[in-house]
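Okay, here's what each chain looks like letter by letter:
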Amino acid sequence: MASPAAAGPGATLPPGAAHRDFYWLRSFIAGGVAGCCAKTTTAPLDRVKILLQAHNHHYKHLGVFSTLCAVPRKEGYLGLYKGNGAMMIRIFPYGAIQFMAFDQYKKVIKKQLGISGHVHRLMAGSMADRWCITSKERQLERRWRNHRGITAVICTYPLDMVRVRLAFQVKGEHKYMGIIHAFKMIYTKEGGLSGFYRGLMPTIVGMAPYAGFSFFTFGTLKSIGLSQAPNLLGRPSLDNPDVLVLKTHVNLLCGGIAGAIAQTISYPLDVTRRRMQLGAVLPDSEKCLTMVQTLKYVYQQHGIRRGLYRGLSLNYIRCIPSQAVAFTTYELMKQFLHLN
């Protein structure tokens, strides 16, 4: 059989070969778009959550829905989207790496370790967020195991820090005038590069259980749905009719459930991270220097419900649509970009 090269410059590649071209790039784009859509959808809820978690003095006496109504009255409707620009810059590469790595991990674990079913989804989900492995070669995987673990987080964490600082400030009390100004202020006033990494430890500790249970729950629900009720819950993929995928509304439901379970498990670490990130602009910053110190302080001052789990109800409202949109957008992008 003649090779494509031998067929002449005017020959075209088979559709399957064409769809394999730039697979990594298309997978990266699909994950990035999914992450951006999800975060933009829930940006107002993210802003309110940050204000409540750190007990902003303008809104600490209000509940979730009261704060949602008070922010537009005090700062205008665009006030609900403070810090979203920095979030978009951060979340595109982070979401892209996370989703892309998860798909690759599933293949590696199933092929190399012979593990399949629910266990390999849980392992792949944890590894996707914590390690971001993109290599299929086990020798290379062993060599870089201790070095690649938090690459995605370390690279994007300063943007998360800036986003939180912008989201926490209230109209009329602006300390930062924008993304670039916030970078300059944090760098010059808070010890250089180290100032951008306050709260990194609870972020690292919380990544594996959050991502692991999120991907595990979604993958398990998807597998059960397609195996038990394929005609009711599934439909042929747009780019490959031989592959069965969940219907859009079922994707949304499964993604929402996955997000709710994962958030419940890791939420206290999220509160700890936010308190540490905002340390320099909070009056009690000297009491929130380390992860353990911050956990103890929040628990002693505010307890479990009003401290470690403050804003959890809002987080359900925020996280369920966020995860639902993320997984659904990713599934649709996979079909659009011929990744199935």
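Basis of the calculations
Residues numbered from 1 in each chain as written. Predicted model: local features only at pLDDT ≥ 70, side-chain atom pairs only at ≥ 80, totals over all residues. Heavy atoms only, no water. Helix = DSSP H or I, 4+ residues; strand = E, 2+ residues; numbered from the N terminus. Buried < 20%, exposed > 50% of the residue type's maximum accessible area, 1.4 Å probe, protein only. Contact = heavy atoms within 4.5 Å. Areas by Shrake-Rupley, 256 points an atom, 1.4 Å probe, with all protein chains shown as cover. Salt bridge = Lys/Arg side-chain N within 4 Å of Asp/Glu carboxyl O. Phe/Tyr/Trp six-rings, centres within 6.5 Å; stacked < 30°, edge-to-face > 60°. Expected span 1.5 Å × (residues − 1). Arc of directions from axis to C-beta. Patch = residues over 30% accessible without salt bridge, like charges linked within 9 Å, V, L, I, M, F, W, Y side chains within 5 Å. pLDDT = per-residue confidence, 0-100. Axes fitted to C-alpha atoms, helices over the stretch in contact; angles between N-to-C directions. Parallel < 35°, antiparallel > 145°, perpendicular 65-115°, else oblique. Nonpolar A, V, L, I, M, F, W, Y, C, P; charged D, E, K, R; others polar.

## Describing the overall build of the protein
Along the backbone of the protein there are 15 helices and 2 strands. Relative to its 340 residues, the protein shows a buried fraction of 51%. Sequence-distant contacts, at least 24 apart, represent 72% of the contacts inside the protein between residues at least 6 apart. Entry remark: accessible area of the protein is about 16500 Å², with carbon and sulfur atoms responsible for 64%.

## Describing the pattern of salt bridges
Scanning the model with the defined rule gives 10 salt bridges in all. Across the pair Asp 160 and Arg 274 runs a salt bridge, and its minimum N-O distance is 3.3 Å. With Asp 160 in helix H8 (residues 151-168) and Arg 274 in helix H12 (residues 248-277), the pair connects residues that are 114 residues apart, well separated along the chain. Owing to a relative accessible area of 1%, Asp 160 belongs among the buried residues under this scheme.

## A word on the packing of aromatic side chains
One pass over the structure, following the stated rule, counts 4 aromatic pairs. For the pair Tyr 157 and Tyr 197, a centre-to-centre distance of 5.8 Å together with 15° between the ring planes defines the contact as stacked. With Tyr 157 in helix H8 and Tyr 197 in the loop between helix H9 (179-189) and helix H10 (200-228), this residue pair connects regions lying 40 residues apart in the sequence. Among the residues examined, Tyr 157 registers a relative accessible area of 1% and is labelled buried. Overall, Tyr 197 belongs to the partly exposed group, its relative accessible area being 27%. Summarising the aromatic geometry, the rings of Phe 183 and Phe 196 are spaced 5.3 Å apart at their centres and angled 40° between planes, so their arrangement reads as tilted. With Phe 183 in helix H9 and Phe 196 in the loop between H9 and H10, this residue pair connects regions lying 13 residues apart in the sequence. Assessed through its relative accessible area of 5%, Phe 196 is described here as buried.

## A word on helix H13 (residues 291-302)
Compared with the 16 Å implied by 1.5 Å per residue over 12 residues, the 16 Å span of H13 between its first and last C-alpha is a close match. Along H13, the positions that sit buried rather than exposed are Met 291, Thr 294, Tyr 297 and Val 298. Buried residues in H13, looked at end-on, bunch into an arc of 130°, giving them a common side. Residues of H13 that are exposed and point more than 90 degrees away from the buried face comprise Lys 296 and Gln 300. Residues of H13 that are buried sit in contact with H10, H12 and helix H14 (304-308).

## Side note on a nonpolar patch on the surface
A cluster of nonpolar side chains, contributed by Phe 213, Leu 253, Ile 257, Ile 261 and Ile 265, occupies part of the molecular surface with about 410 Å² of accessible area. Counting residues per element, the nonpolar patch draws most heavily on H12, which supplies 4 residues. Mapped onto the elements, Ile 257 comes out in helix H12.

## Looking at helix H3 (residues 43-53)
When you tally the buried positions in H3, you get 11 out of 11 residues, the bulk of the element. Of all the residues in H3, the buried ones are Ala 43, Pro 44, Leu 45, Asp 46, Arg 47, Val 48, Lys 49, Ile 50, Leu 51, Leu 52 and Gln 53. Positioned one or two residues after H3, His 55 has a phi angle of 55°, which is positive.

## Here's the deal with the side chain of Arg 47
Locating Arg 47 in the fold gives a position in helix H3. For Arg 47, a relative accessible area of 1% puts it in the buried group. Those residues within four positions of Arg 47 in sequence are excluded, and the remaining contacts are Val 71, Glu 75, Gly 79, Leu 80, Lys 82, Ala 167, Phe 168, Gln 169 and Val 170.

## What about the confidence of the model for the protein?
Reading fine detail from the predicted coordinates is not recommended where pLDDT is low. This prediction gives the protein a mean pLDDT of 78; 78% of its residues lie at or above 70. Across the protein, H9 holds the top mean pLDDT of 92, while helix H7 (residues 138-143) sits lowest at 40. Contacts of residues 122-149 to residues separated by more than four positions or lying in other chains number 56 contacts, the stretch itself having pLDDT below 50.

## Describing the packing of H10 against H12
Contact geometry of H10 with H12 gives a least axis separation of 8 Å together with a crossing angle of 170°. When the axis of H10 is compared with that of H12, the two are roughly antiparallel. Of the residues contributing to the contact of H10 with H12, the split by class is 15 nonpolar, 9 polar and 1 charged.

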